Amino acid sequence: MTADPASDTLSRRDTVRARMWHSRPFLAGAVLTGSIAAIVLLGPIWLPSTTDQDPVALLAGPSARHWLGTDQLGRDLLSRLVSAGRTDLRIAVVALIFPALFGVLVGTLAGYAGGWFDTVMLRLVDVVIAFPFYVLIIALVFVVGPGESGIYTALALVGWVSYARITRNATAITAQQDWVVAARQGGLRTSRVVFRHVLPHTATQAVVLFASDIVVVIVAVITLGYLGLGIAPPTPDWGTMIFENRSFITSKWWLPAMPGFAVVLTGLGFSLLADGIADIWRVRR
Amino acid sequence: MTGPVLTLAGLTVSFPAGRERRDVVRSVDLELPAATTLGIVGESGSGKSVTLRALMGLLPASARVSAGMLHLGGAPIPLVGRGVRAARRRRLAMVFQDPAAALDPLMTIGDQISEVPRRAFGQSPQSSRDTALDLLRLVRLPDPERRAAAYPHQLSGGQRQRAVIAMALAARPEILLCDEPTTALDVTTQAEILELLRGLRERSGLSMIFVSHDLAVVSSMADRITVMRSGAVVESGGTTALLHAPREAYTRTLLNAVLELPAVDPEPATPMPPLVGRAATDRLRASDITVFYGSGAAAVRAVGGVDLLLGAGRIHGLVGESGSGKTTLGKVLTGQIRADVGRVVLDGGILPARRSRDQLSAIQMIYQDPYSSLDPRMTVRQTLAELLRRVCGLPRRQVEARCVDLLEKVTLPRSALDGYPGQFSGGQRQRIAIARALAVEPKVLVADEPTSALDVSIQAAVLDLLVRLRDDLGLAVVLISHNLAVIRHICDDVSVMVGGVIVETGSAAQVIDHPRVGYTRQLIEAVPRLRKDPA
């Protein structure tokens, strides 16, 4: 039994919009990540500076002045939390977006052209994927040198592979579709065929991967911070905050717990968003 | 004649459609007298498959039966819910359209068939194996002992369908339900399977319900025919009466849409002068085309030394069964794959192995599946305008007029420009695909089974369109098809392919009405014809 295509009067755009409002993961993910982004971007306008020390309130509990209390140097915890989020999210997005674009480009070329380029790329991807992600990142940062530039370098070497592989497979399948064959037969340039008739159908998978992958990278940045290989103090970062406050876990539990809680919330937001986008675009994972 | 073995009254089935439910079958009545065959004919969306699934108790969970009574031999049988399967055991069995999907790929044929008597009748493993072998002999599967140990993928399509029929018979049913059992098969295999089903029916007194979109196939099988359309019965009657004097306009439309083949001349024709020189101009000439798939010792020859001559303003039919190499040849002509040997000459110029963009667009292709041949993310306007701007170099202000002009050529309204492919029916999409092919002003059109995925009533319109394009634009058309009636209907010349070789070439009238080669004759005789004479 097949559905009657003529009765499907909704255009593609309308159905995508309709699915957006009906996908709970998408709505929840969009609200959560949207709020986190807004707080992180706009919060510092009102909040006190992250380096201001309040000498009368060291290790103070939550109050009207300091909503989440202060740390052992009397710095406002909420300020530091928001500022740290801003740093961590910025680093994660910047560190991932370029490898992701590079991976999509390489994967598209390999999937469309095939041949030796495809073979070499796939072997290279296999080699990188053979190592556990976090171990590889930590080892690379250790070699390249800690700090922001170390994170960027490490991710540039490792981050592109999953995008290359997923895009390569999607491209190889899409390139066989009759509409792509027809576009080539029509006399369009190869670049036009690839960017207009192949990429729009394969990029959806990369976008969904990006939304879920960003969580992995945030956790990597924070792990590096905790290990002292990431953001150097006094710039706040969730990883260093957990490390600095780890000794207060029994007395002032919220000091190390709040940054952890922020990580979980951010991860949840992006994961839901990834699921939601996959729902809406009907991307199979 | 005793009472009916099956009666169905007022069947109404609905499926969810968005937030509401839609009736896909509405008040369908059927009656099957003992030892007869009832044919159900209808186009896609007619509800024929859903009706059959309801009889078999195989409706999906989303379906809801809001009305309807089924009686088998006078006893009421549930349509859904508990006990649907138990009530049908030993009474109903089904033969599916796709034999590959109906068989478990991980079990041997013999194991699958012997499982039925072992579970249903408690036969011992040894005697159930014997039963399976008997059944495989009954369905005339060659070399049954060896085939019983084979896995489904080791059998051909026709052999698989025989195995499926054997499995259906293993349950010793009173009624055999057949859902398009030959649609996925080649025409000669189809003739064999239909012959087998007729033989089984005569020998065992089996009753049968035979569902198909093909009126000719149904008429060759059925005593009575029920015509369905959009979920309801249009007309029911004896086969001869219905074909001779249809009462409803829709039945007449269906009958008129059947392209008939004339009877084959028993005498082989005297040799005719060769095709060369008869066309006004030779547009496309392919010589000694040979294509291998794979390499080294594993290489398979798909096309072997084929010559083809195509005149301007002529439609050349390329006919053959699956695996005959006709599609491969079409792809060589369009430049989608390279021939290992041979060359293609267009208007006197040899086309190189790596064609330029102009050489590619000079030969356009129409694809079989109208659902995948258009980019789903682009409107019709975007699809056409892209080619007009970037390939033809048309200035921006002329694009709109040319788009409308192209749509007119394929008889679509201007409003279609803003639609996405998903909003059109199969026939409309195929016309959009033709408009796209015409946009780059090709000299040759290669149409690969352009109507196979379409309903018969739409098929005629698309074929007429091809004929008009030939006459109005002087296009040379290669029509690849397994359907001899389609070829005979619109082609000027025909080449018959088998095993990668052309065995017979000539004018359509000559080749199909007076075939000279045994294979062609066999192919033409296998085509089911409307049975208008009383049986």
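Residues numbered from 1 in each chain as written. Chains lettered and ligands numbered in written order. Predicted model: local features only at pLDDT ≥ 70, side-chain atom pairs only at ≥ 80, totals over all residues.

1. Description of the overall build of chain B
Part 1 of the argument: Along the backbone of chain B there are 20 helices and 20 strands.
Part 2 of the argument: Compactness check: chain B gives a C-alpha radius of gyration of 25 Å against a globular reference of 24 Å for 535 residues, within 12% of the reference.
Part 3 of the argument: Considered along the principal axes of its C-alpha atoms, chain B spans approximately 70 × 55 × 45 Å.
Part 4 of the argument: Across the 535 residues in chain B, those meeting the buried criterion constitute 47%.
Part 5 of the argument: For chain B, the share of sequence-separated contacts (at least 6 apart) that also reach a separation of at least 24 residues comes to 69%. (Helix = DSSP H or I, 4+ residues; strand = E, 2+ residues; numbered from the N terminus. Rg over C-alpha atoms; globule rule 2.2 N^0.38 Å. Buried ≥ 20, exposed ≤ 12 C-beta atoms within 10 Å, placed from the backbone. Contact = placed C-beta atoms within 7 Å.)

2. Focus: the overall build of chain A
Part 1 of the argument: Regarding its fold elements, chain A presents 11 helices and 0 strands.
Part 2 of the argument: The linear arrangement of helices and strands in chain A, starting from the amino end, is α-α-α-α-α-α-α-α-α-α-α.
Part 3 of the argument: Principal-axis analysis of the C-alpha atoms places the extent of chain A at approximately 75 × 50 × 30 Å.
Part 4 of the argument: With 285 residues in all, chain A has 40% of them scored as buried.
Part 5 of the argument: Summarising the internal contacts of chain A: among those between residues at least 6 apart in sequence, 71% fall at separations of at least 24.

3. Some words on helix α3 (residues 77-113) of chain A
Part 1 of the argument: With 37 residues, α3(A) should reach 54 Å at 1.5 Å per residue; the first-to-last C-alpha distance of 53 Å fits that figure.
Part 2 of the argument: One or two residues past the end of α3(A) sits G114(A), with phi positive at roughly 65°. (Expected span 1.5 Å × (residues − 1).)

4. Observations concerning the interface of chain B and chain A
Part 1 of the argument: Contacts between chain B and chain A engage 31 residues on the former and 22 residues on the latter.
Part 2 of the argument: For the side of chain B that touches chain A, the leading source of residues is helix α13 (residues 357-362) of chain B, giving 4 residues.
Part 3 of the argument: Of the residues contributing to the side of chain B that touches chain A, the split by class is 11 nonpolar, 13 polar and 7 charged. (Nonpolar A, V, L, I, M, F, W, Y, C, P; charged D, E, K, R; others polar.)

5. Regarding the sheet that holds strand β20 (residues 501-507) of chain B
Residues and elements named next belong to chain B.
Part 1 of the argument: The 6 strands are arranged β16-β17-β18-β13-β19-β20 in an open sheet whose pairing can be described as mixed. Either end of the sheet is taken by a strand with one partner, and the two such strands are β16 (363-366) and β20. Each neighbouring strand pair of the sheet contributes to a mean axis angle of 20°, computed without reference to strand direction.
Part 2 of the argument: Pairing of β16 with strand β17 (residues 444-448), which is carried by 4 bridges, proceeds in the parallel orientation. The residue bridging Q364 from the neighbouring strand is L445, located in β17. (Pairing = 2+ DSSP bridges. Axes fitted to C-alpha atoms, helices over the stretch in contact; angles between N-to-C directions.)

6. Here we look at unusual backbone geometry
All names here are of chain B.
Part 1 of the argument: For D347, which is not a glycine, the phi torsion comes out positive at approximately 50°.
Part 2 of the argument: In this structure, D347 sits in the loop between β14 (341-346) and β15 (349-351).
Part 3 of the argument: Take D347: there are 13 C-beta atoms within 10 Å of it, and that puts it in the partly exposed class.
Part 4 of the argument: Phi angles above zero are rare outside glycine, and E449 is one such case at about 50°.
Part 5 of the argument: Structurally, E449 can be placed in the loop between β17 and α17 (456-473).

7. Overview of the packing of helix α7 (residues 160-174) of chain A against helix α9 (residues 190-226) of chain A
All names here are of chain A.
Part 1 of the argument: Axis separation between α7 and α9 bottoms out at 9 Å; the angle between their running directions is 155°. It follows that α7 is roughly antiparallel to α9 by the angle criterion. Judged by the sense of rotation from one axis to the other, the crossing of α7 with α9 is right-handed. For the pair α7 and α9, the contacting residues are S162, Y163, I166, T167, A170, T171 and T174 in the first and V198, H201, T202, Q205, A206, L209 and D213 in the second.
Part 2 of the argument: Classifying every residue of the contact of α7 with α9 by side-chain character gives 6 nonpolar, 7 polar and 1 charged. (Parallel < 35°, antiparallel > 145°, perpendicular 65-115°, else oblique. Left-handed = near helix turned anticlockwise from the far one by under 90°.)

8. Thoughts on the packing of helix α14 (residues 380-390) of chain B against helix α16 (residues 426-439) of chain B
If you want to describe how two helices pack, look at the angle between their axes and the distance between the axes.
Residue and element names in this part refer to chain B.
Part 1 of the argument: In contact at an axis separation of 9 Å, α14 and α16 are set at 15° when each is read in the N-to-C sense. Compared by their axis directions, α14 and α16 come out roughly parallel. Between α14 and α16 lies a crossing whose hand is right-handed. From α14, V380, T383, L384, L387 and L388 reach across to α16, where they touch I432, A435, R436 and A439.

9. Looking at the pairing of β17(B)
Residues and elements named next belong to chain B.
Part 1 of the argument: The buried count for β17 comes to 5 of 5 residues, which makes it a mostly enclosed element.
Part 2 of the argument: Of the two faces of β17, both are covered, the one formed by V444, V446 and D448 as well as the one formed by L445 and A447.
Part 3 of the argument: Across 5 bridges, the pairing between β17 and strand β18 (residues 476-481) is parallel. Residue pairing in the sheet places A447 in a bridge with L479 of β18.
Part 4 of the argument: In this fold, the crossover linking β17 to β18 by way of α17 has right-handed handedness. (Right-handed = clockwise from strand over helix to strand, strands pointing away.)

10. Thoughts on the environment of S14(B)
Residue and element names in this part refer to chain B.
Part 1 of the argument: Summarising the element assignment, S14 is placed in strand β1 (residues 4-17).
Part 2 of the argument: Of the residues examined, S14 has 18 C-beta atoms within 10 Å and is grouped as partly exposed.
Part 3 of the argument: It is 43 Å that separates the C-alpha atoms of S14 and T328, two residues lying 314 residues apart in sequence.

11. Thoughts on the confidence of the model for chain A
Reading predicted coordinates in detail is not appropriate for stretches of low pLDDT.
Part 1 of the argument: Summing up the model confidence of chain A, the mean pLDDT is 85 and the portion of residues at 70 or higher is 94%.
Part 2 of the argument: Confidence drops under a pLDDT of 50 for residues 1-10 of chain A, and excluding neighbours within four residues, the segment shows 14 contacts in the predicted structure. (pLDDT = per-residue confidence, 0-100.)

12. Looking at the sheet that holds strand β5 (residues 75-77) of chain B
Residue and element names in this part refer to chain B.
Part 1 of the argument: Pairing in this open sheet of 4 strands is antiparallel, and the strands run β2-β1-β4-β5 from one edge to the other. Of all the strands in the sheet, just β2 (20-33) and β5 have a single pairing partner and so form its edges. When strand polarity is set aside, the average angle formed by the axes of neighbouring strands in this sheet is 20°.
Part 2 of the argument: Of the strand pairs in this sheet, β1 and strand β4 (residues 64-72) are connected by 7 bridges, and their pairing is antiparallel. Note that in β4 the partner of V13 across the bridge is V65.
Part 3 of the argument: Its contacts with the sheet put helix α1 (residues 48-56) on β1, β2 and β4, and the angle it makes with β1 is roughly 115°.

13. Brief notes about the pairing of strand β13 (residues 315-319) of chain B
Residue and element names in this part refer to chain B.
Part 1 of the argument: Most of β13 sits out of view: 5 of its 5 residues are buried.
Part 2 of the argument: Because side chains alternate across β13, one face comprises the buried residues I315, G317 and V319, and the other comprises H316 and L318, equally buried.
Part 3 of the argument: The pairing of β13 with β18 spans 5 bridges and is classified as parallel. Its bridge partner lying in β18, G317 is registered against L479.
Part 4 of the argument: Taken together, the 4 bridges between β13 and strand β19 (residues 493-498) define a ladder with parallel strand orientation.

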